[in-house]
There are 2 protein chains.
Amino acid sequence: MIKIAVDAMGGDYAPGEMVKGAVEALKKKEQVHVILVGQQDRIEKELKGYAYPADRLSVVHASEVIETGEGPVNAVRKKKDSSIVVGMNLVKKQEADAFVSAGSSGAILVGGQIIVGRIRGVERPPLAPLIPTQKGVSLLIDCGANVDARASHLVQFARMGSIYMEHVIGIKHPRVAIVNIGAEEEKGNALVKETFPLLKACEDIHFIGSIEAREIPRGEADVIVSEAFVGNVILKLYEGVGATMLSMIKSGLMSGFKSKIGALLVKPALKETLKAFDASQYGGAPLLGLKGLVVKAHGNSKSVEVCNSILQCVTFKEQQINEKIKECLQPNKEQEQKEQ
Amino acid sequence: MIKIAVDAMGGDYAPGEMVKGAVEALKKKEQVHVILVGQQDRIEKELKGYAYPADRLSVVHASEVIETGEGPVNAVRKKKDSSIVVGMNLVKKQEADAFVSAGSSGAILVGGQIIVGRIRGVERPPLAPLIPTQKGVSLLIDCGANVDARASHLVQFARMGSIYMEHVIGIKHPRVAIVNIGAEEEKGNALVKETFPLLKACEDIHFIGSIEAREIPRGEADVIVSEAFVGNVILKLYEGVGATMLSMIKSGLMSGFKSKIGALLVKPALKETLKAFDASQYGGAPLLGLKGLVVKAHGNSKSVEVCNSILQCVTFKEQQINEKIKECLQPNKEQEQKEQ
């Protein structure tokens, strides 16, 4: 049985959509046990609306909620009985294999590092969302956890990301690229220039060189390595340009009689197309390199994304991703010891 | 008379569209004199197709062409008779007020700095393209000229960008924001944290704080300050996401009979909408802070963008932007001298 703790209180549609997503996941996978973490009365009220296998669902009470606006370090320290802190402690005590939350990103990143803790050898745990592309999805790693990263961090990101894409998403020999402002090896800022030859020298990944931001939506790489500031800009601009274009197209289509009729006819095809350009079907963003798994679901997650985030944790556990990460970072450590 | 040198040889559609755009500009503004720089026989052959005021158009021969793939520093040094080097020298010798090129970005950046030269007091000349937003356009500064910039550079970018948006684009008290990964002042990487208070202390700009990448397409700031690596990623991802979504929508609309009929009906409204999300009507990206003006037009520029880039140079000269930049950076220099 794989035990997944779910933050029932975090996210724009909590606790309703969180509970609904948890119940959906129980129905899809028989080997899952969900632990809903949060205010018990509110969770139980939501649960009354569903039929579910009661032996595979439990509730762990947490009286407090960390809000999105709160300073994350302080919030994690002070709100010991918040759903995020309680959920992470379940993972730490190995009472849960993973924790899924759509709550405060900052608190999840901080809590992951100081409560759950890093796997030995992992320098910085990266946040790695899947982003939609014309060909499917790519993993953007790191996307907010570690600003001002060093080259050695990026090399670990590349390796962990590669393992994730191969074994959780199922892409054989994932193509790894580093975000750069030109295709040539001599292009880039100091960090990219330092990292490039290190990635080139990694024998355990399929490094294809630099990727320009323009090529990311076309799906030209499976694992997109970048330091967190740039990664965060990419993730948010992706959402921003998409949303703005859609809203402009929609209001454009409503601007005249002829186009209104046309809009009715194209709506189903358009919807289908845009669905393909939506990564929520793959679940949330894993915070990789922790002793256990923490998944950050989008703040506006509905039950579909919550359910998929839970299923993603199951694959993660089944595929023994953390064991693979440990193994892969091991030879590197031996080498370092030799060099010293 | 304002003299604009135009690189007839640079760009995907050179010399045809460059020459055509130059002729269009001559017709739109009587105070413009265009100097077409490049291979004389090819330029003259193109010119035969048009009627134009011959007293306001001249040709300066340049036998060589710098290709996009060439190493820019070497190319500028060795190809002394290339259209880019010859055109920049016209600006240097004050035989032209500005130079417009759709050729090699690298060569234009290098040539601008080493041939045309910086205005006294300007630390680094930024490349500042206009990007389309839901509300109009914003200036993205810097976008490729100076990776690994320092805080003092970003402050100058903010000031120069502010002058440009106010006097060339006509936005009163342009809102200046710095690209960041959160709205709070304490967020960001080391560079942003160092730059933020400096921008806040600038009395000559209207600084509104941080901008997250998600808000850029909504037009939440007029001048978007960023170091070049991040700026370049933003510019290219903007193009990339837009192009990918459009191609997906197009193929989606062609996927069934009903939607094909609908597509015919919505086409004009869709075209109009997407035109609004296209910055080419405003011309190219100026390289600011030079003694003279250098404008980098998009590699795939057609005559419309070439013409608009020329008109943009006219406004730049008429509005005495360089004099305003000198003036605005002056008090800063005095202060520095006092501090020393």
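Residues numbered from 1 in each chain as written. Chains lettered and ligands numbered in written order. Predicted model: local features only at pLDDT ≥ 70, side-chain atom pairs only at ≥ 80, totals over all residues. Heavy atoms only, no water.

**A look at helix H4 (residues 83-92) of chain A**
Residue and element names in this part refer to chain A.
Okay, step 1: Where burial is concerned, most of H4 is hidden: eight out of the ten residues are buried.
Okay, step 2: Considered for burial, the residues of H4 that qualify are Ser-83, Ile-84, Val-85, Val-86, Gly-87, Met-88, Leu-90 and Val-91.
Okay, step 3: Following H4 by one or two positions, Gln-94 adopts a phi angle in the positive range, close to 60°. (Buried < 20%, exposed > 50% of the residue type's maximum accessible area, 1.4 Å probe, protein only. Helix = DSSP H or I, 4+ residues; strand = E, 2+ residues; numbered from the N terminus.)

**Focus on the nonpolar core**
Okay, step 1: By size, the foremost hydrophobic cluster in this structure holds 173 residues, and its most contacted members are A:Ile4, A:Leu36, A:Ile310, B:Leu36, B:Ile216 and B:Ile310.
Okay, step 2: Setting aside residues no more than four positions away along its own chain, B:Leu36 makes contact with B:Val6, B:Ala8, B:Val19, B:Ala22, B:Ile43, B:Leu47, B:Leu57, B:Ser58, B:Val59 and B:Val60. (Core = buried A, V, L, I, M, F, W, Y, C linked by side-chain atoms within 4.5 Å. Contact = heavy atoms within 4.5 Å.)

**What to know about helix H9 (residues 257-276) of chain A**
Okay, step 1: Here H9(A) contains 20 residues, and its C-alpha end-to-end distance of 29 Å stays within 8% of the 28 Å for a straight helix at 1.5 Å per residue.
Okay, step 2: A:Val266 marks the point of greatest bend in H9(A), at about 50°, and the proline A:Pro268 comes within the next four residues.
Okay, step 3: Where H9(A) is concerned, the buried positions are A:Ser259, A:Gly262, A:Ala263, A:Val266, A:Ala269, A:Leu270 and A:Thr273.
Okay, step 4: Buried positions along H9(A) lie against helix H8 (228-253) of chain A together with helix H8 (228-253) and helix H9 (257-276) of chain B. (Expected span 1.5 Å × (residues − 1). Bend = angle between axes of the 7 residues up to and from the residue.)

**Here's the deal with the interface of chain B and chain A**
Okay, step 1: With 50 residues of chain B at the contact, the number on the chain A side is 50 residues.
Okay, step 2: Where chain B abuts chain A, roughly 4700 Å² becomes buried across the two surfaces, and 77% of that area is made up of carbon and sulfur atoms.
Okay, step 3: The tally of links from chain B across to chain A stands at four salt bridges.
Okay, step 4: B:Glu212 serves as the salt-bridge partner of A:Lys236, at 2.2 Å between the closest nitrogen and oxygen.
Okay, step 5: Between the two partners, chain B and chain A, sit ten residue pairs in polar contact (both at pLDDT 80 or more).
Okay, step 6: Those elements giving two or more residues to the side of chain B that touches chain A turn out to be strand S7 (175-180), helix H7 (190-201), H8 and H9 of chain B.
Okay, step 7: Counting residues per element, the side of chain B that touches chain A draws most heavily on H8(B), which supplies 20 residues.
Okay, step 8: Here the residues of the side of chain B that touches chain A sort into 29 nonpolar, 14 polar and seven charged. (Buried area = accessible area lost by both parts, 1.4 Å probe. Salt bridge = Lys/Arg side-chain N within 4 Å of Asp/Glu carboxyl O. Polar contact = N/O pair within 3.5 Å; in protein donor to acceptor, adjacent residues only side chain to side chain. Nonpolar A, V, L, I, M, F, W, Y, C, P; charged D, E, K, R; others polar.)

**Some remarks on the relation of the copies chain B and chain A**
Okay, step 1: With an axial shift of 0.0 Å and an RMSD of 0.1 Å, the rotation relating chain B to chain A amounts to 180°. Here the copies are linked by what is in effect a two-fold axis. Every residue of chain B has its C-alpha some distance from the rotation axis, and the shortest such distance is that of B:Gly262, at 2.0 Å.
Okay, step 2: Interface overlap between copies is the fraction of interface residues in one copy that are interface residues in the other; for chain B against chain A it reaches 100%, indicating a shared surface. (Least-squares fit on C-alpha atoms with pLDDT ≥ 70 in both.)

**A few points about the sheet that holds strand S2 (residues 32-38) of chain A**
Residues and elements named next belong to chain A.
Okay, step 1: Spatial strand order, S3-S2-S1-S4-S11-S10: six strands in an open sheet with mixed pairing. Across the chains shown, the open sheet's two edge strands, defined by having one partner strand only, are strand S3 (57-61) and strand S10 (285-287). Going across the sheet, the axis of each strand differs from the next one's by a mean of 25°, ignoring polarity.
Okay, step 2: Here S10 runs beside strand S11 (residues 293-296); their pairing, made up of three bridges, is antiparallel. When the bridges of S11 are listed, Ala-285 appears paired with Lys-296.
Okay, step 3: Here helix H1 (residues 16-28) sits on the sheet in contact with strand S1 (2-7), S2 and S3, set at roughly 170° to S2. (Pairing = 2+ DSSP bridges. Axes fitted to C-alpha atoms, helices over the stretch in contact; angles between N-to-C directions.)

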